[in-house]
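These are the residues of each chain, in order.
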Amino acid sequence: MTNKEIANKRIQELRAIIEAAQKQYYLADDPTMSDAQYDKLFRELEALEKQFPELIQANSPTQTVGVSIKQSKKSTAQISFFDNNFPTQSPASSAVSATQFAEVRHREQMLSLANALDFNEFREFDARIKKYLGLNTTPKYWVEYKFDGLAVELVYVDGLLKVASTRGDGFIGENITENIKTIKSIPQKLDFTKIKKNLPQQIEVRGEVLMEIANFQRLNEERLAKGEHVFANPRNAAAGSLRQLDIQITASRELDFYAYDLMSAEPILSTAEDESKEILANLGFKTQGNYWATNDLEEIESYYQQMQTERDVLPFEIDGVVIKVLNFELQNQLGLRARTPRWAIALKFPAREEYTKLLDITVQVGRTGTLTPVAELEPINLGGVTVRRATLHNQDEIDRKDIRIGDIVIVRRQGDVIPAIVGVVKERRTGQEQPFILPDVCPICETQVIRENDADVAWRCPNQYCPARLIERLKHFVSRRAFDIESLGEKILEKLIEKNLLNNASDIFKLTEEDFAQIWKDADKMGKNLVLALEQAKRIDLARFIYALGIRHVGEKTAKVLAGEFRTVQDFLQADFERLIKINEVGEVVAKSVLDFINNEDEIKVVHVLLQNGVQVREVDNFKATQVVGVFSGEVVVLTGNLTSMTREIAKDKIEQAGGVVTNSVSKKTTLLVAGEAAGSKLKKAQELGVKIINEAEFLERLQKMSLS
Ligand code: IVH
């Protein structure tokens, strides 16, 4: 075969896969691959067509937008072109039928957007713009969210909503007028009172329909409870809810709409994106406030960075920012390509969702004996991090989502949260997948597992001497927020257990240099340092002490509450149900768990041995118990942006030690905002609410005052 023939073969393959993927995405609202995998295939096709332009066909996905709503033939494409061993057989079912909706022809084509996958690709876009326009300097750009929903066009005549449609193939979309009328944030009658100029008789408003994350989660909970198929993400939920023949279903789903484009066959008298957006807002549409115009690339880059953190606190999903040339005159000069405008680009965020193969399910035994199934995955890059494992929570979760070994699963990693499996791509099953059943004995000590009551989802290994539990308990015991002896890492703990030097937490403070010498040949200095670290760790607050004990359901916060109530270890060990349940933050579950602990002879022995071995628990005095006095007393503080001198966690600790309370979001109760670098929407909200704002230097200065006083 000649190179050209090879290229042509691959082009045909890629087209088939991409077209099948598009149908799943646009018509079935149930994608079979991730955005990143799709982009990669799409770019491969673009590159081949660039190399052999004579092979470009007018109906290639690189020349078209979305899918034709008339397509109804079954997809037979083989999804076989991933570098991570995706199945090579045809997907079990990828039949997607034609739309059931009537057709609507768009007056003007609805386009797609070219993608930039990182900021350098945006710089290349900027260079192309300048070259095309013959400019030496960067033109002003308009930057806004890239909403992760579905594009919709609304046609208004004399201020009344006449027709609403999906994008379809860009020329013809689906008539979803009745469905759209159920969305509260879409005005059926425009408000002209704030509009100074006369608008044309017919205008078109384009924007994105989406579902807020909270609604999406609630919807999925309900669907799970009813044993129905869950949506993989809010975008699919929004699309699946909107494209319903029964508009009652759409109405029940609480969708939202954000407008980003205003157009008409006649002049609208606005000359740039910002004006157009203002008119939309005045007409009664939701637009969103976080956009701006600038010709400073640095500023765009920091906005892009900032949005990557802010996306976690937005009520809806964005998957990037859209950057448009601000001025309409320049936009017209730049014009359009076959499927995308030359004047705009979608600068995407690193992915946080990927599709990969579930190779196996293993079982982890936690500190309190809980058995957690863990997904062992074909390694996949997720926003720059290689993900190999993800939590599957518990058997019920696996059953509800019908997750089977061998499945292609959707993995999601958000912020620092442990990656989780959000769903399964059933269309890609081969029939070889194996259901998983949690073993009924502990995989480590083989004790029969138990479920305390039927309502519990978790199975536990009840053997408190189970080696798996021991290592987890010890890790917890030495962790930073407990005894804070982090030099005693997991490897060392494992070795000490192996040598029988460590059978429970109370052994830790008995360890000597000689003991450490047994696990290292060359342990002189290490052993000395570790013994010193142990010596220093012996003095501890009651709250940390209680937390370190690893009582079920007693986290850091509850430990603080208990310490505040009981003040001394002795008093805590005398706790009874009445006294526990009287504490505001303590419910029946916690009370019972605390009693289980203090009624367990072995546990109590550990506590006594700890005290005998020199652990000194600082008692909580009256004054401190109710209120810590310090430079942040009475302050309700929110941290935002990046701090350069310490992590947020440490900053939080310091504020709390100085009497302040730290919360996650800015509200009327907030008294102080500490704004690090690239602070975003929280800063804005604080400004709006008139909350006092200090920068990192001022924050450090305040902390300094504390250490001086
Ligand atoms: S402008 C010709 N602005 O992204 C300009 N689109 O990947 C195209 N989208 O089809 C539309 N947020 O569904 C524009 N702020 C935004 C957007 C946005 C999301 C969607 C839209 C478009 C797709 C292209």
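Predicted model, so just to flag it, every value in this text is computed and none were measured. (Residues numbered from 1 in each chain as written. Predicted model: local features only at pLDDT ≥ 70, side-chain atom pairs only at ≥ 80, totals over all residues. Heavy atoms only, no water.)

What follows deals with the packing of aromatic side chains. Inspection of every chain in the model, using the stated rule, returns 23 aromatic pairs. With a centroid separation of 4.9 Å and an interplanar angle of 80 degrees, the aromatic rings of Tyr25 and Tyr26 are classed as edge-to-face. Since its relative accessible area comes to 26%, Tyr26 is described here as partly exposed. Here the aromatic residues Phe119, Phe122, Phe125, Tyr141, Tyr304 and Phe349 are joined through ring pairs into a cluster of three or more. In this structure, Arg235 is placed above the aromatic ring of Tyr25, and the distance from its NZ or CZ to the ring centre is 3.9 Å. Its guanidinium or amino end placed over the ring of Tyr291, Lys277 lies 5.8 Å from that ring's centre, counting from NZ or CZ. (Phe/Tyr/Trp six-rings, centres within 6.5 Å; stacked < 30°, edge-to-face > 60°. Buried < 20%, exposed > 50% of the residue type's maximum accessible area, 1.4 Å probe, protein only. Lys NZ or Arg CZ within 6 Å of the ring centre and 35° of its normal.)

In this section: the pattern of salt bridges. For the structure shown, the criterion picks out 50 salt bridges. Linking Arg481 and Glu649 is a salt bridge whose minimum nitrogen-to-oxygen distance equals 3.7 Å. Placement of Arg481 in the loop between helix H12 (467-478) and helix H13 (490-498) and of Glu649 in helix H23 (residues 648-657) is noted, with a sequence separation of 168 residues between them. Residues participating in the shared-partner salt-bridge network are Asp312, Glu317, Arg352, Glu353 and Arg412. (Salt bridge = Lys/Arg side-chain N within 4 Å of Asp/Glu carboxyl O. Helix = DSSP H or I, 4+ residues; strand = E, 2+ residues; numbered from the N terminus.)

All right, on to the site of the ligand then. The immediate surroundings of the ligand are formed by 14 residues, with Glu144, Tyr145, Lys146, Arg167 and Glu208 found nearest. Between a nitrogen atom of the ligand and a main-chain N or O atom of Phe147, the distance comes to 3.0 Å. Arg167 places a side-chain nitrogen or oxygen 2.9 Å from an oxygen atom of the ligand. Mapped by element, the contributors of at least two residues to the shell around the ligand are strand E3 (141-147) and strand E10 (318-325). The biggest single contributor to the shell around the ligand is E3, with 4 residues. Looking at the shell around the ligand residue by residue, the classes come out as 8 nonpolar, 1 polar and 5 charged. (Near = heavy atom within 4 Å. Polar contact = N/O pair within 3.5 Å; in protein donor to acceptor, adjacent residues only side chain to side chain. Nonpolar A, V, L, I, M, F, W, Y, C, P; charged D, E, K, R; others polar.)

With that settled, the discussion passes to the sheet that holds strand E22 (residues 661-663). The parallel open sheet is built from 4 strands, whose spatial order is E22-E21-E23-E24. Each edge of the open sheet carries a strand with a single partner, namely E22 and strand E24 (692-695). Adjacent strand axes in the sheet meet at a mean angle of 30 degrees when their direction is disregarded. The pairing of strand E21 (residues 636-640) with strand E23 (residues 672-675) spans 4 bridges and is parallel. What sits directly across from Val637, in E23, is Leu672. Strands E21 and E22 of the sheet are contacted by H23, whose axis makes an angle of about 165 degrees with E21. (Pairing = 2+ DSSP bridges. Axes fitted to C-alpha atoms, helices over the stretch in contact; angles between N-to-C directions. Contact = heavy atoms within 4.5 Å.)

Each regular strand shows side chains that alternate between the opposite faces of the sheet. Across the two faces of E23 the burial is the same, with Leu672 and Val674 and Leu673 and Ala675 all buried. As paired elements, E23 and E24 share 4 bridges and run parallel to each other. If you follow Val674 over to E24, its bridge partner there is Ile694. Taking the sense of rotation as the criterion, the β-α-β connection linking E23, helix H24 (residues 681-689) and E24 turns out right-handed. (Right-handed = clockwise from strand over helix to strand, strands pointing away.)

As a further point, take the environment of Ala265. Mapped onto the secondary structure, Ala265 falls in the loop between strand E8 (256-263) and helix H8 (273-283). Between the alpha carbons of Ala265 and Pro200 there is a distance of 8.3 Å; along the sequence they are 65 residues apart.

A few words on the sheet that holds E8. Across the sheet, which stays open at both edges, the 4 strands sit in the order E5-E4-E7-E8 with antiparallel pairing between neighbours. What marks the edges here is a single partner per strand, and that holds for strand E5 (160-166) and E8. Sheet twist, expressed as the mean angle between neighbouring strand axes with direction ignored, is 30 degrees. Note that strand E7 (residues 202-210) and E8 share 7 bridges and pair antiparallel. If you follow Leu210 over to E8, its bridge partner there is Asp256. On top of the sheet, helix H6 (residues 234-242) reaches strand E4 (150-157) and E7; it is set at about 45 degrees to E4, its chief contact. The sheet contacts of H8 involve E7 and E8, and relative to E8 the element is tilted by about 130 degrees.

Turning to the nonpolar core, a few remarks are in order. Nonpolar side chains in soluble globular proteins tend to end up buried together. Formed by 58 residues in total, the largest nonpolar core has its most connected members in Ile485, Leu488, Ile508, Phe509, Phe545, Leu562 and Leu580. Apart from residues lying up to four places away in sequence, Ile485 is in contact with Val478, Ile508, Phe509, Ala533, Leu534 and Ala537. Core analysis: the second largest hydrophobic core is formed by 34 residues, Leu154, Ile180, Ile186 and Ala238 among them. (Core = buried A, V, L, I, M, F, W, Y, C linked by side-chain atoms within 4.5 Å.)

Each disulfide consists of one covalent bond between the sulfur atoms belonging to two cysteines. This structure, assessed with the given rule, holds 0 disulfides. Cys442 forms no disulfide, and the closest cysteine sulfur to it belongs to Cys445, at a distance of 3.8 Å. You can see Cys461 has no disulfide; the closest cysteine sulfur is in Cys445, sitting 3.6 Å from it. In this structure Cys461 comes out as buried when scored by relative accessible area, which is 0%. (Disulfide = S-S within 2.5 Å.)

A few words now on H24. Of the positions making up H24, those classed as buried are Ser681, Lys682 and Ala686. Viewed end-on, H24 has its buried residues packed into an arc of 140 degrees, placing them on one side of the element. Exposed residues lying more than 90 degrees from the buried face of H24 are Gln687 and Glu688. Each element contacted by the buried residues of H24 is listed here: helix H9 (297-310), E21, H23, E23 and E24. One or two positions beyond H24, positive phi appears at Gly690, with a value near 70 degrees. (Arc of directions from axis to C-beta.)

For the pair helix H3 (residues 119-133) and H9, the least separation of the axes is 11 Å and the interaxial angle reads 145 degrees. Where H3 crosses over H9, the handedness of that crossing is right-handed. Residues Phe119, Phe122, Arg123 and Asp126 of H3 pack against Leu297, Glu298, Ile300, Glu301 and Tyr304 of H9. The residue makeup of the contact of H3 with H9, split by class, is 5 nonpolar, no polar and 4 charged. (Left-handed = near helix turned anticlockwise from the far one by under 90°.)

A word on the side chain of His106. Mapped onto the secondary structure, His106 falls in the loop between strand E1 (103-105) and strand E2 (114-116). Of note is the side chain of His106, whose polar atom sits 3.1 Å from the backbone oxygen of Thr166. Not counting residues within four places of it along the chain, the set of residues in contact with His106 comprises Glu153, Ser165, Thr166, Arg167, Gly170, Phe171, Ile172, Gly173 and Arg206.

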